[in-house]
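Take a look at the letters that make up each chain.
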Amino acid sequence: MDRNDYETIVVGGGIAGLTAAVYLARAGQKVLLIEKNNECGGLVSSFNRDGFHFDAGVRALEDAGIIRPMLHELGINLEFVRSPVSVGVEDVIINIENENSIENYKNMLKKLYPESGEDIDRIIIEIKKIMKDMEVLYGIENPVFNDLKHDLSFVFEKIVPWFPKFLWTVRKINRMNMPIEVYLKNITNNQSLIDIISQHFFKNTPAFFALSYFSLYLDYIYPKGGVGRLSEAMLKKLIEYGGEIKTTTKIVDVIADENLLRDHNGNVYKYGNLIWAADSKTLYRNVKIGKFPLKIQRRIEDRKRLLLNNRGGDSVFTLFLEVDEPLESFRKIAHGHFFYTPSKKGLGDIHRQELYDLLKNFAKIEKQNILSWLDRFIKFNTYEISIPGLKDPELVPQAKTGLIISFLTEYDLFKKVQDAGWYEEFGIEIEERILNVISNSVYPMLKKKVIRHFSFTPLNIENRVGSSEGAITGWAFQEHMPVISKIQSSARAVLTPIPSVFQAGQWVYSPAGVPMSILTGKLAANKVLKKKNKA
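All values reported here derive from a predicted model rather than from experimental measurement.

### Considering the nonpolar core
Reasoning step 1: Counting 55 residues, the largest nonpolar core has Y105, M108 and I127 as its most contacted members.
Reasoning step 2: Considering each element in turn, this core owes the most residues, nine residues, to helix α4 (residues 117–137).
Reasoning step 3: Excluding its chain neighbours within four sequence positions, the residues that come into contact with I127 are I102, Y105, L211 and F214.
Reasoning step 4: Core analysis: the next-biggest nonpolar cluster, separate from the first, contains 52 residues, F380, L390, V437 and F454 among them.

### Let's talk about a nonpolar patch on the surface
Reasoning step 1: There is a patch of nonpolar side chains on the surface, built from L152, F156 and V160 and spanning about 320 Å² of accessible area.
Reasoning step 2: Along the polypeptide, F156 turns up in helix α5 (residues 152–175).

### Side note on empty space enclosed by the protein
Over the atoms, a rolling probe the size of a water molecule traces out where space has been left empty.
Reasoning step 1: One pass over the full model with this rule turns up two cavities of 30 Å³ or more.
Reasoning step 2: Quantified by volume, the largest cavity comes out at close to 180 Å³.
Reasoning step 3: Lining the largest cavity we find 17 residues, and of these Y105, I197, H200, F201 and Y217 sit closest to its centre.
Reasoning step 4: Looking at the lining of the largest cavity, the elements that each hand over two or more residues are β7 (85–89), α3 (101–112), α7 (191–198), α8 (207–211) and α9 (213–217).
Reasoning step 5: Of the residues contributing to the lining of the largest cavity, the split by class is 15 nonpolar, two polar and no charged.
Reasoning step 6: Empty space within the second largest cavity amounts to approximately 130 Å³.
Reasoning step 7: Taken together, 13 residues make up the lining of the second largest cavity; nearest its centre are K203, D314, H351, L408 and T409.
Reasoning step 8: For the lining of the second largest cavity, a count of residues per class yields five nonpolar, five polar and three charged.

### Section: the side chain of H200
Reasoning step 1: When you line up the elements, H200 lands in the loop between α7 and α8.
Reasoning step 2: Here Y217 takes part through its side chain, which lies 3.5 Å from a polar atom of the side chain of H200.
Reasoning step 3: If we ignore the near neighbours within four places in the chain, the residues touching H200 are V87, Y217, F339, T382 and L408.

Thresholds applied
- Residues numbered from 1 in each chain as written.
- Predicted model: local features only at pLDDT ≥ 70, side-chain atom pairs only at ≥ 80, totals over all residues.
- Heavy atoms only, no water.
- Core = buried A, V, L, I, M, F, W, Y, C linked by side-chain atoms within 4.5 Å.
- Buried < 20%, exposed > 50% of the residue type's maximum accessible area, 1.4 Å probe, protein only.
- Helix = DSSP H or I, 4+ residues; strand = E, 2+ residues; numbered from the N terminus.
- Contact = heavy atoms within 4.5 Å.
- Patch = residues over 30% accessible without salt bridge, like charges linked within 9 Å, V, L, I, M, F, W, Y side chains within 5 Å.
- Areas by Shrake-Rupley, 256 points an atom, 1.4 Å probe, with all protein chains shown as cover.
- Salt bridge = Lys/Arg side-chain N within 4 Å of Asp/Glu carboxyl O.
- 1 Å grid on protein atoms, 1.4 Å probe; cavity = no way out; pocket = protein on both sides within 12 Å on 5 of 7 lines; lining within 4 Å.
- Points joined across faces, edges and corners; volume = space filled by probe spheres on them.
- Nonpolar A, V, L, I, M, F, W, Y, C, P; charged D, E, K, R; others polar.
- Polar contact = N/O pair within 3.5 Å; in protein donor to acceptor, adjacent residues only side chain to side chain.

This is the structure we're talking about:
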């Protein structure tokens with residue numbers, strides 16, 4: 001049995017774990033990064049198939065005053081291009097080029113819902129207010145990535161005048177913590193209008209987060225070579241700083257009262273500090289706490305119950321297409337990052353009460369009735385469509401196009417279908433329906449030009465990334481969050497009740513994706529280094 005000692009071990013090689021490990025290695029610590037897959041990156045990764053480049057998780061990056069400052073601080077040079085966004089409903093498509101595009105969005109909604117013109121005006125007013133708040137929220141580079149002790153000009157010229165505005169903005173954010181669906185119902189009773197705005201987002205997404213997206217669309221960037229270039233650059237920097245990496249290794253025991261880890265091969269690792277950047281439920285299922293004082297044991301057990309009784313957020317179904325059609329055909333229709341809804345009717349209760357009833361009574365419902373529900377779910381849904389070649393033409397073969405089409409969906413549905421024995425068939429049924437809906441609406445060329453197609457389901461995400469319920473942004477938005485969910489408390493998001501164990505990559509606040517993962521990775525590394533300095 002092997003045993004190795006490290007100052008810090010980071011479990012989970014996604015972007016949060018990579019960030020934590022890089023900063024600790026840069027500080028001179030003996031660091032080991034453990035990842036269960038053959039490659040690092042998690043949802044910030046890319047792959048190639050038949051010469052087509054596809055992004056496996058996120059389709060673009062949102063800087064949020066975090067990504068570029070981190071790369072600058074670490075001396076990482078990545079070439080980015082803008083990832084402009086288009087939004088479309090039925091045959092009305094707008095390109096979001098700048099802040100003034102909000103007027104085009106308003107006109108699009110009024111064309112679709114002329115009976116709700118006054119309601120739309122009120123919604124646009126709210127979005128414009130939030131756009132100004134976003135300018136404050138991300139108005140400066142995140143201070144965590146600046147050496148404030150040696151950059152007093154940044155402190156006095158940037159932070160001091162910005163901070164009061166920041167606190168005021170935070171108060172407004174907290175007042176808009178209600179679900180976007182509820183918030184919009186206070187403005188309009190047009191359910192289709194509510195759906196066409198809210199079904200872009202996870203269920204019960206806080207109103208501020210959802211309505212801020214018009215600003216976030218303007219912030220999207222894309223690394224030349226694909227999203228996975230970010231993780232690859234971080235991994236290279238970790239090796240450069242002397243950090244160790246162990247892939248295809250799954251941690252099965254966290255013997256926290258002895259500061260030991262055990263992997264699936266029986267190897268044991270000793271750590272001074274542990275940063276858990278993988279699935280939180282897995283940590284608490286595997287942790288051993290027998291020798292801790294009773295008070296600490298109770299805190300850990302309380303945290304374990306809280307997490308295991310909650311669930312991850314929405315997952316996603318993704319269809320990948322290899323198409324024998326040049327990029328220019330698609331460029332004429334929309335940008336390479338495109339949110340499209342084939343029908344202005346919206347989902348209504350199809351993905352809420354109807355889905356809840358379907359899951360509750362699944363064993364009693366005939367397959368044909370489930371497929372009938374699926375017909376309507378696919379027809380009225382909103383799709384995120386990414387075309388990597390429109391951002392970087394070198395990512396596809398000559399005169400061909402790769403498309404990534406995805407929609408938010410419920411993990412439990414796929415799990416029940418799998419248990420019923422027709423999981424593969426269900427995936428094929430979904431693929432065919434997506435192709436039918438999209439080719440009969442926005443991309444007619446897909447009817448005859450698709451070379452190959454394949455898909456990822458929430459179960460694939462759970463198996464590959466390891467996130468509970470296949471969640472892609474952490475925990476479900478709900479009244480009582482199991483983790484820190486206030487922006488002003490984000491520094492505490494990396495703490496756990498387990499001695500010498502920190503966490504990274506937990507959902508904290510908008511934005512709940514790559515920037516937050518990077519920030520919590522850096523904050524966790526800072527806590528470890530601060531603890532060492534105190535010792």
